[in-house]
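Take a look at the letters that make up each chain.
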Amino acid sequence: MSNPDQSIPVLAIDGPSGTGKGTIASRVAGHLGWHMLDSGALYRAFAHVAVENDISPDDASGLQELIRAIDIAFIQTDAGLKIAADGTDVTDCVRSEVGGKRASIFAKIPLVREGLLERQRRMRVAPGLVADGRDMGTVVFPDAFLKIFLDASAYIRAQRRYNQLKEKGFSGTLRALRKEIAERDAQDRNRSASPLTPASDAIVVDTSGKGIVEVFNEVVALIEERLLEE
Ligand code: DC
């Protein structure tokens, strides 16, 4: 299936980490009864398997081979989305801060982005898709019916991520986390291949000072408004 039906609607939700993007995307997908693409999880799983197999970011043929061979599956469970790479559950390791850092390094490589493009487009299945990432509106689904770019100040994003991680027993400091997030953001924004940036037709929603419910309601209102325009 290399030619997904362009008439199937896609809602693109892009933005940096710590904006509540993943939570909003999955709640909106549940609300609409649509499928969900967590493209960050795809990059995280890819980077994890590359590192496990000693494939370095400059090993072009190793990366090409991995793109051809890797089997990444998303399994919706009661405990949330599980990520399996080549049949092994890798959810916990890819969701870690190290997992995010690795994903950002491999995601800079044009051949990796190109190689993972088709897999993402194949997720466009009826009745619709909510696509969460960095380049959903700019590159992967430029024809999305609505493009939302969630943002927040770097300070707030680091604080949110810190609170989330603390609940999971994270022992690092807010200061160190802030530095790591700033580095990953800079890497994602400044790369030449599909940098993190709002599409020219995206609606930017600043989530600073807003809770998840408020942002969810704002996004749902934007969807309803757009559907009425059609
Ligand atoms: O959304 P996330 O934090 O799980 O993403 C992890 C990294 O993957 C992020 O720092 C950059 C990369 N990524 C990307 O380059 N393009 C995407 N569409 C999604 C993620």
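This is a predicted model, so every value here is computed, not measured. (Residues numbered from 1 in each chain as written. Predicted model: local features only at pLDDT ≥ 70, side-chain atom pairs only at ≥ 80, totals over all residues. Heavy atoms only, no water.)

J.: Tell me what's going on with the side chain of Gln120, and back it up with residues and numbers.
T.: Mapped onto the elements of the fold, Gln120 is located in helix α6 (residues 110-121). Ignoring anything within four residues of it in the chain, the contact list for Gln120 reads Leu37, Ser39, Leu42, Tyr43, Met136, Val140 and Phe141. (Helix = DSSP H or I, 4+ residues; strand = E, 2+ residues; numbered from the N terminus. Contact = heavy atoms within 4.5 Å.)

J.: Describe the pairing of strand β6 (residues 129-133), with residues and values.
T.: When you tally the buried positions in β6, you get five out of five residues, the bulk of the element. Residues Leu129, Ala131 and Gly133 line one face of β6 and the alternating positions Val130 and Asp132 line the opposite face, and both faces are buried. Bridge count between strand β2 (residues 35-38) and β6: four bridges; the pairing is parallel. Looking at the pairing, Met36 lines up with Val130 of β6. (Buried < 20%, exposed > 50% of the residue type's maximum accessible area, 1.4 Å probe, protein only. Pairing = 2+ DSSP bridges.)

J.: Give me the lowdown on the environment of Leu37, citing residues and values where you can.
T.: Within the element layout of this structure, Leu37 appears in strand β2. The exposure class assigned to Leu37 is buried, which follows from its relative accessible area of 1%. When the C-alpha positions of Leu37 and Pro9 are compared, they lie 13 Å apart, and in sequence the two are 28 residues distant.

J.: Tell me what's going on with the nonpolar core, and back it up with residues and numbers.
T.: Formed by 24 residues in total, the largest nonpolar core has its most connected members in Phe46, Leu63, Leu66, Ile83, Phe106 and Val112. At eight residues, helix α2 (residues 39-52) tops the list of elements feeding residues into this core. Ignoring sequence-local partners within four residues, the contact set of Phe46 consists of Leu63, Leu66, Ile67, Ile70, Ile72, Phe106, Val112 and Leu116. Membership of the second largest hydrophobic core comes to 19 residues, among which are Ile24, Trp34, Leu150 and Val220. (Core = buried A, V, L, I, M, F, W, Y, C linked by side-chain atoms within 4.5 Å.)

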